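# Observations on the three-dimensional arrangement
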Amino acid sequence: MATFIPKTYQQSVLDSVAAYFEAIHSENQNANTAFYKTTQALWNKGVAYSPIAGFPAEMPYFCLRVPTGGGKTWLAAKSVALVNTLLLRSEYSVILWLVPSKAIREQTLRALKNRAHPYYSALKDAGAMTVLDLSEARSLTRATLETSTVVIVSTVQAFRREDTEGLKVYESNGALMQHFDNLTSQQRENLLQDEAGTTPYSLANVLRLRRPFIVVDEAHNNRTPLSFDTLAKFNPSGIMELTATPDTTVTPSNVLHSVSAAELKGEEMIKLPIVLETEPNWQQCLADAIARRDELQALADLDRRKGASYLRPVILIQGEPRKAGVETRDVDKVREELISNHNIPPEEIVVATGEEKGLEEVDAKYAKGIADDACPIKYVITQKALAEGWDCPSAYILVSMATLHSSTAVEQLLGRILRQPEAKHREHPALNQSYAFVASRDFADTAAALRDSLVSGAGFDRKAASEFVSAANPEQGRMDYTAHPDRIVIKPVVIELTEKPDMKSLPKALKEKVTWNEQEKSLTIAKPLNADEEVAVKEAVKSEGAKQAIAQAAEASRTVALAFFQTPAELGVRFAVPQMALNRQGDLQLFDDPEVLDYPWDLSIYDAAPTLEHLRLLDAALKVSEGGEIDIDAESGKVTTRFLENLQRDLGLAYVPEHWNDVKLGAWLCKNIPETSITHASKQAFVAKWLHELFAGGRYDLAKANRQKFLIRNILGQRIKELRLSAVRQSYQDTLFGDGYAARVQVNDNYQFVFHPQAYAPSNDYDKRTSTYGSFDFRNHYYGRIGDFDSKEEFECAVHLDILAQKGEIEFWVRNLVRKESCSFFLQKADGRFYPDFICQLKNGKILVVEYKGGNAWSDAADDRMIGGLWAELSGGRCHFVMLKNKDWAAIDAEVKKAGA
C-alpha cells in the first residue's frame, strides 16, 4: 500500500481542530469562548459562535468548510484520534458518522473497512477500531465498546422514527441488555423512555450512555429542524460538520477552518481553471469537445512515454430530457451522433441514467471501474446527475447539450471534472485544467451559470469562482465583462441613424443596453451586444444602411469599446522570491522546519517534576470527573449545567478505567507521547520520575492518575516539547547568527517561493465598497484579489506601496497571507514562521519585503526583525527588508532608493 502523504492544507485543518479542542479544555472550559479565541488566534479575526437550538450551548459544534475535491472524508477519519485524545480524553469512543445517502454510506463503509485505503489508515490513528453499519450496531456488544473506538456509519434518515430502520433504533433489543447492567441512578434517569413509560434496551439508549461524537458529512443536506431533533436524542459529546457549502443564515454553521479552491489548486488537488467554450450548434459543440479530448490524450501519451502514469481523459456529456412529440438532444441522440458521425466505437461509450446503469456494469467488470487501465470508456452520457459517490479524476471535459442553468445536476457534474488525477500535476499545463463545452449562443450567461454552480455546489467563494472560469476563445472572453467589473472600462458606442429604431420591439434586458436619442437621432450602445442581441437591434430598423451601421457598432461594443485591466498574475508574469537554505554537509536544504537543525539534547530527570501549573490543571480535571456541576446564570438567573463536567462524568461511568500499576501507566504514557527526537529509555526514565514526584506530593494516587491519564499525557508531551524547543532555540541562534553563519546559511535562487498565478487564497478579501479601513482603487497588486488588512495602518501602508508603483518605483506588490502555505512567503524561525505583510518586486527585479507593526507589537517582533534582516543580508543585495511603525512611510522610500530602483 502506497504511503498517503497529507497535503499542507489538510494538516492545517487538523491543527485547527486540535487547537479548538485544546482551547475547550482551557480555564473557561466553554466551547463558545474557545471557538472565538481559536478563530482569533488562527485568522486574526474572532468569529462569533452560534449554538444549536435543542443542544447545550456549551457543546462543541463546528464546521470544516472544504470545497469539492479537498478530501473531506479523509479529514473526518483523521480527526477521530483528536476527538478521543484532546476533546474526550478517552481511550475509546463512539463515533456516529452520518452521510446524506445510502450510496455514500456504502462507499464510506467500504473505504473505512478496507485496510489498503487511506481512510482506514487515517482512522487507525485512534487505535483499535470497529466500523459498523446500523444493522450491525444493533447487536453491538459491551466488550466491543470497551476495547475499541466504534464508528457507526449511517444516513441521518435512518434514525428517524418514521423510517422502518429508524424505528428499530428506538425499540428494545435483547441483544443489547448487557449494556444496561449496573447503571447508576443518574445514568438511568438520562435514558429515553417509550410511550408506556418504560426504558427500552435500545440502540438509541446505548448511544446516550456512550455520548457519541457526531460527524456529519455533506452537512448542507441535513439542516432541517427534524434532523437536529434526531441528533439531539443521542446526547452527543459534540458535532463536527464537513461540507463545501455551510449554512450561514437559517441554522448557521460555526466554520472553524475554511479551505479555498485556490489552496486546492496550489496543492494539486483539483484541475483549474475551467476553460469554457460555447457553440450554438450542438453537433459542432460535441465535435469541438471530441477534438479537445484527442488533444489531451496525445499529451497524456507523451507524458507516459516520459514515465508518467496511464491517463485516459473522459468526457461527461449531459443530454437533454426526452419530451413526447419533440425532438431533443437526449441520450440516444447523442450516442447516435458519436457512433454515426464521429466513428466512436460503441465500447468506448457508456450511458448512466435512471434506466441504463452502464457505470455499475463497468464497476462490476473492471477492478478499478472506469479508472482501470483496461477499461476502454472515453464517453459517459447522462441526463441529470450521476450516481452519488461515483468518482473519476480522469474526467476532464463536461459537455452540455442545452443552455446551462445553475442546478443540482450541473453542480454535481462540475464536481466530477474537477479532481486532479493522483492529486499531482502533470507536466503539460493543459492536463491540469478542466474543460466545459456548452451548446449556447451566450457566453456571458453560460460563464455566470458555471460560476454560480461552483459557488453553490462545489463550495468556491464568489471571487475564486470568478477567477477560475476562463474563455477558450479570447473573443468570447470579451463578452464576460461582468466577471471582473472593477477591472474593465466600457466606453459607450454612439452612432447616428437615418431612421428611428422600433425600441418597443426590444426585450426589456436589451433596452438597458441600448437607448435612442430622438433629438440627436443617435443610438447609444452602453454595454456589449452578443450575437442574438445584435440581430434583435437590426430587426428594429428597416434600411440596409441602418442595419449595417448597427452591425459595425455592435462589433465595436465587443472589441474597441472594452478596455480590460489585467493583473501581472493574469498576464503570466513570474513572481519568485529567494528563500533561506541551510548548507548541511555540502548539501543545500530549504530551511522550512527547525527540525533540520542540529540540536543534540536529551531529557534530564532533573526537569521531571510537576509544576504548579500542572497541579492546577490536574486539580481542575479531577473536580470535573467527580461529577457535573449546577450553576446559576448571573444574567438570567436560570439553573445551568456545565457541559464539559457532565461529559467527563458520563464518559467516566461508561468507560471505567483499568486499574493499572505505575509501571503499566508509565508504559502507556511513553507509548502515547509522540516524541521521536529522544530515545525510549530517556522518555521512560523521565515519565517514571515525573509520576514518582506526583505521587510523592500526597495529593494524587495511582487511581486518580489512571482517571486522568490523557491529561497527564498532554501535560508531559507539552513539557517535553518545551524542553526540546529550548534546545532548538539555542541551535537556531548558533546556526543562523553565530560565528561563520554565512557559510551555513544561504539566500539565492536555488530555493524560491513562486507566487502561483492561480493559487492566491485569502480567508477574507479587501473590498473597497465595504471596508472599514478606507476605499482605494489598488491597481498594482500582483493578483486581482487582495487579502484583507488587519488594521487601518496596514491598509495605509498598502496604499503607499501602490502609489509608489504608480510613480514607477515598484513593479507590483502582493499582500502576503498568513498560514496559507501554498500561497504564502515565510521565513522560518525556531518556534514558528514569520509571514511578512507585503512582498514587492521593484523595477530592477529586486525584492522588497515590508512588515508593519502597530501598537505594542514592535517590542514583540525582535526575532522577526532579526530573521528578516539576515535574509536580506545574505541575498547579496538582491533582497531588501524593512520593518516600520508609527506610519513611517519614509522608511519604505529609503529602502526603495537604497535598492537602486
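### Structural notes on the overall build of the protein
Summing up its helical and strand segments, the protein has 32 helices and 30 strands in all. Over its C-alpha atoms the protein spans a radius of gyration of 31 Å, differing by no more than 12% from the 29 Å that the globule rule assigns to 901 residues. Along the first, second and third principal axes, the C-alpha atoms of the protein reach 105 × 75 × 65 Å. Evaluated residue by residue, the protein yields a buried proportion of 53% over its 901 residues. If you take every contact in the protein between residues at least 6 apart in sequence, the share linking residues at least 24 apart comes to 72%. Here the protein displays about 39,900 Å² of accessible surface, and carbon together with sulfur accounts for 49% of that area. Averaging the locations of the 105 positively and 121 negatively charged side chains of the protein gives two centres separated by 1 Å.

### Details of the packing of aromatic side chains
When we look at a pair of aromatic rings, we describe it by the centre distance and by the angle of the planes. This structure, assessed with the given rule, holds 34 aromatic pairs. Centroid distance Phe834 to Phe881: 6.2 Å. Interplanar angle 85°. Geometry classified as edge-to-face. Remark: Phe881 occurs in strand S30 (residues 879-884) and Phe834 occurs in strand S27 (residues 832-834); sequence separation between them is 47 residues. In terms of burial, Phe834 and Phe881 fall into one category: buried. Aromatic ring contacts, followed pair by pair, group Phe575, Phe753, Phe755, Tyr760, Tyr782, Tyr783 and Phe812 into a single cluster. Above the ring of Phe826, the side-chain terminus of Arg833 is found at 3.8 Å from the ring centroid. The ring of Trp858 has Arg865 sitting right over it, with the charged end atom 4.3 Å from the ring centre.

### Digging into the packing of helix H21 (residues 531-538) against helix H22 (residues 544-558)
One way to put it is that H21 packs onto H22 with a least axis distance of 9 Å and a crossing angle of 155°. Comparing the axis directions of H21 and H22 gives the class roughly antiparallel. As for the relative orientation of H21 and H22, their crossing is right-handed in sense. Here Ala531, Glu534, Val537 and Lys538 of H21 come into contact with H22, specifically with Lys547, Ile550, Ala551, Ala554 and Arg558. Per-class residue counts for the contact of H21 with H22 are five nonpolar, no polar and four charged.

### Let's talk about helix H4 (residues 102-113)
Across its 12 residues, H4 extends 16 Å between first and last C-alpha, which sits within 8% of the 16 Å expected from 1.5 Å per residue. Among the residues of H4, those classed as buried are Ile104, Arg105, Thr108, Leu109, Ala111 and Leu112.

### Examining unusual backbone geometry
Cis geometry marks the peptide bond from Leu272 to Pro273; its omega dihedral reads 5°. Tracing the backbone through its elements, the reader meets Pro273 in the loop between helix H12 (261-266) and strand S8 (274-278). Look at Arg211: it is not a glycine, yet its phi comes out positive at around 50°. On the secondary structure map, Arg211 appears in the loop between helix H10 (203-210) and strand S5 (213-217). Taking relative accessible area as the criterion, Arg211 reaches 3% and is therefore assigned buried.

### Some details on the sheet that holds strand S21 (residues 587-590)
The three strands are arranged S21-S20-S24 in an open sheet whose pairing can be described as antiparallel. Strands at the two margins of the open sheet, each flanked by one partner only, are S21 and strand S24 (745-754). Going from strand to strand, the sheet's axes swing by 45° on average, the running direction of each strand aside. Judged from the four bridges that link them, strand S20 (residues 576-584) and S21 form a sheet pairing that is antiparallel. Each bridged residue has a counterpart across the sheet, and for Leu582 the counterpart in S21 is Gln589.

### Quick word on the pattern of salt bridges
According to the stated counting rule, one finds 48 salt bridges in the structure shown. The partner of Glu794 in a salt bridge is Arg815, and the shortest N-O contact between them spans 2.7 Å. Taken together, the residues Glu794 in helix H30 (residues 792-806) and Arg815 in strand S25 (residues 810-815) connect sequence positions 21 residues apart. Across the pair Glu796 and Lys887 runs a salt bridge, and its minimum N-O distance is 3.1 Å. With Glu796 in helix H30 and Lys887 in the loop between S30 and helix H32 (889-898), this pair connects stretches of sequence that are 91 residues apart.

### Regarding the nonpolar core
In a soluble, globular protein the nonpolar side chains are often hidden away together inside. Judged by nonpolar contacts, the single largest core of 193 residues is most densely connected at Phe21 and Trp871. Residues Ile315, Leu338, Ile381 and Ala430 belong to the second largest nonpolar core, which totals 29 residues.

### Overview of the confidence of the model for the protein
Model confidence for the protein is summarised by a mean pLDDT of 87, while 94% of its residues fall at 70 or above. The low-confidence segment residues 628-641, where pLDDT is below 50, has 23 contacts with residues more than four positions distant or belonging to other chains.

### Looking at the environment of Glu360
Relative to the helices and strands, Glu360 is located in helix H15 (residues 358-365). Along the sequence, Glu360 and Pro6 sit 354 residues apart, while their C-alpha atoms lie 30 Å from each other.

### Digging into the environment of Ile839
Structurally, Ile839 is set in strand S28 (residues 838-842). Residue classification places Ile839 among the buried positions, given a relative accessible area of 0%. In sequence terms Ile839 and Phe881 are 42 residues apart; their C-alpha atoms lie 9.4 Å from each other. Apart from residues lying up to four places away in sequence, Ile839 is in contact with Phe575, Val577, Phe755, Phe812, Trp813, Val814, Asn816, Phe825, Ile847, Leu848 and Val849.

### A word on the side chain of Asp802
Inspection of the secondary structure puts Asp802 in helix H30. Of the buried charged residues, Asp802 lacks a salt bridge, with Arg779 as the closest side chain of opposite charge at 7.4 Å. Only 3.0 Å separates the side chain of Asp802 from the backbone nitrogen of Asn780, close enough to count as a polar contact. Sequence-distant contacts of Asp802, defined by excluding residues within four places in its chain, comprise Phe776, Asp777, Phe778, Arg779, Asn780, His781 and Trp813.

### Looking at the packing of helix H1 (residues 8-24) against helix H3 (residues 72-88)
Packing of H1 against H3 brings their axes to within 10 Å, and their N-to-C directions diverge by 25°. When the axis of H1 is compared with that of H3, the two are roughly parallel. Helix-helix and strand crossings are classified by hand; for H1 and H3 the assignment is right-handed. Along its contact with H1, which presents Gln10, Val13, Leu14, Val17, Ala18, Phe21, Glu22 and Ile24, the element H3 presents Trp74, Leu75, Lys78, Ser79, Leu82, Val83, Leu86 and Leu87. Its residues assigned to classes, the contact of H1 with H3 shows 12 nonpolar, two polar and two charged.

### What about the sheet that holds strand S11 (residues 379-382)?
The seven strands are arranged S10-S11-S9-S12-S13-S8-S14 in an open sheet whose pairing can be described as parallel. Strand pairing shows two members of the sheet lacking a second neighbour, strand S10 (349-352) and strand S14 (469-471), which therefore form its edges. The sheet shows a mean angle of 25° between the axes of neighbouring strands, direction not considered. Here strand S9 (residues 314-318) pairs with strand S12 (residues 395-400) via five bridges, running parallel. The residue bridging Gln318 from the neighbouring strand is Ser400, located in S12. The strands touched by helix H13 (residues 282-305) are S8, S9, S11, S12 and strand S13 (434-438); relative to S12, the strand with the most contacts, the crossing angle is about 175°. Docked against the sheet, helix H14 (residues 331-342) engages S9, S10 and S11, running at close to 155° with respect to S11.

### Description of the pairing of strand S4 (residues 149-155)
Taken across its seven residues, S4 has seven buried, putting it largely inside the fold. The two faces of S4 match: Thr149, Val151, Val153 and Thr155 on one face and Val150, Ile152 and Ser154 on the other face are all buried. Here six bridges tie strand S2 (residues 94-99) to S4, and the two strands are oriented parallel to one another. Counted as the bridge partner of Trp97 is Val153 from S4. Pairing analysis gives five bridges linking strand S3 (residues 129-133) to S4, with the strands arranged parallel. Along S4, the bridge assignment pairs Met129 with Thr149.

Calculation notes
- Residues numbered from 1 in each chain as written.
- Predicted model: local features only at pLDDT ≥ 70, side-chain atom pairs only at ≥ 80, totals over all residues.
- Heavy atoms only, no water.
- Helix = DSSP H or I, 4+ residues; strand = E, 2+ residues; numbered from the N terminus.
- Rg over C-alpha atoms; globule rule 2.2 N^0.38 Å.
- Buried < 20%, exposed > 50% of the residue type's maximum accessible area, 1.4 Å probe, protein only.
- Contact = heavy atoms within 4.5 Å.
- Areas by Shrake-Rupley, 256 points an atom, 1.4 Å probe, with all protein chains shown as cover.
- Lys, Arg positive; Asp, Glu negative; His and termini not counted.
- Charge placed at Lys NZ, Arg CZ, Asp CG, Glu CD.
- Phe/Tyr/Trp six-rings, centres within 6.5 Å; stacked < 30°, edge-to-face > 60°.
- Lys NZ or Arg CZ within 6 Å of the ring centre and 35° of its normal.
- Axes fitted to C-alpha atoms, helices over the stretch in contact; angles between N-to-C directions.
- Parallel < 35°, antiparallel > 145°, perpendicular 65-115°, else oblique.
- Left-handed = near helix turned anticlockwise from the far one by under 90°.
- Nonpolar A, V, L, I, M, F, W, Y, C, P; charged D, E, K, R; others polar.
- Expected span 1.5 Å × (residues − 1).
- Pairing = 2+ DSSP bridges.
- Salt bridge = Lys/Arg side-chain N within 4 Å of Asp/Glu carboxyl O.
- Core = buried A, V, L, I, M, F, W, Y, C linked by side-chain atoms within 4.5 Å.
- pLDDT = per-residue confidence, 0-100.
- Polar contact = N/O pair within 3.5 Å; in protein donor to acceptor, adjacent residues only side chain to side chain.

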